[in-house]
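Listed below, chain by chain, are the residues.
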Amino acid sequence: LLLLCYTEEAAVIVSGLKNTDVFVGESATFTCELSQPGVKNVQWWLDGSPLHNNFVTEISEQDGIIHTLTLNDVACHDSGTVTFRAGSLISSAKLLVKGILLLE
């Protein structure tokens, strides 16, 4: 009899967040892939503030492994550090929102 036990300590980040540059009004997407499902206490942050699912912020996961954050209709003040935390695992990346210079 072979029992496979998944423990949170065994999970690692396979693919972390990547720095992202977008223009004002666009969407910014961040993805973090874990080595296994079942990690508890998953949370996304922007500059130290926790993010929650709403019409601007879309948080999803696929198979408990691929965690995705999409920030819709970003503004200049959204520039900052995006952080993904799952248990004791942490990945961070920079979000740079660029303004559009209108030439007369």
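Look up a bit, the structure's there.
All values reported here derive from a predicted model rather than from experimental measurement. (Residues numbered from 1 in each chain as written. Predicted model: local features only at pLDDT ≥ 70, side-chain atom pairs only at ≥ 80, totals over all residues. Heavy atoms only, no water.)

**Structural notes on the side chain of N72**
Link 1 in the chain: Tracing the backbone through its elements, the reader meets N72 in the loop between strand 7 (66-71) and strand 8 (80-86).
Link 2 in the chain: In this structure the side chain of N72 is engaged in a polar contact, spanning 2.9 Å, whose partner is the side chain of S27.
Link 3 in the chain: Here E58 takes part through its side chain, which lies 2.7 Å from a polar atom of the side chain of N72.
Link 4 in the chain: N72 has contacts with E26, S27, F55, V56 and E58, leaving out every residue within four places of it along the chain. (Helix = DSSP H or I, 4+ residues; strand = E, 2+ residues; numbered from the N terminus. Polar contact = N/O pair within 3.5 Å; in protein donor to acceptor, adjacent residues only side chain to side chain. Contact = heavy atoms within 4.5 Å.)

**Some points on the sheet that holds strand 1 (residues 13-15)**
Link 1 in the chain: Spatially, four strands are ordered 1-3-7-6 in an open sheet, and the strand pairing comes out antiparallel. Because the sheet does not close on itself, it has two edges, and the strands there are strand 1 and strand 6 (57-62). Strand-to-strand, the axes of this sheet are offset by a mean angle of 25 degrees, without reference to chain direction.
Link 2 in the chain: Pairing of strand 6 with strand 7, which is carried by six bridges, proceeds in the antiparallel orientation. The partner of E58 across the bridge, within strand 7, is T70. (Pairing = 2+ DSSP bridges. Axes fitted to C-alpha atoms, helices over the stretch in contact; angles between N-to-C directions.)

**Notes on the pairing of strand 7**
Link 1 in the chain: Among the six residues in strand 7, five count as buried, and that is most of the element.
Link 2 in the chain: Joining the antiparallel neighbours strand 6 and strand 7 is a turn of three residues, in which D63 adopts a positive phi near 60 degrees. (Buried < 20%, exposed > 50% of the residue type's maximum accessible area, 1.4 Å probe, protein only.)

**Details of the side chain of T83**
Link 1 in the chain: In this structure, T83 sits in strand 8.
Link 2 in the chain: Judged by relative accessible area, T83 falls into the buried class, the value being 17%.
Link 3 in the chain: A polar atom in the side chain of T83 sits 3.0 Å from the side chain of S92.
Link 4 in the chain: Discounting residues that sit within four places of it in the chain, T83 has contacts with L17, Q43, W44, W45, I90, S91 and S92.

**A few points about the nonpolar core**
Link 1 in the chain: By size, the foremost hydrophobic cluster in this structure holds 21 residues, and its most contacted members are L17, F30, W44, V82 and L95.
Link 2 in the chain: Of all the secondary-structure elements, those providing two or more residues to this core are strand 3 (28-34), strand 4 (42-46), strand 7, strand 8 and strand 9 (89-98).
Link 3 in the chain: Aside from chain neighbours lying at most four places away, what touches W44 is L17, F30, S49, P50, L51, I59, H67, T68, L69, V82, T83 and F84. (Core = buried A, V, L, I, M, F, W, Y, C linked by side-chain atoms within 4.5 Å.)

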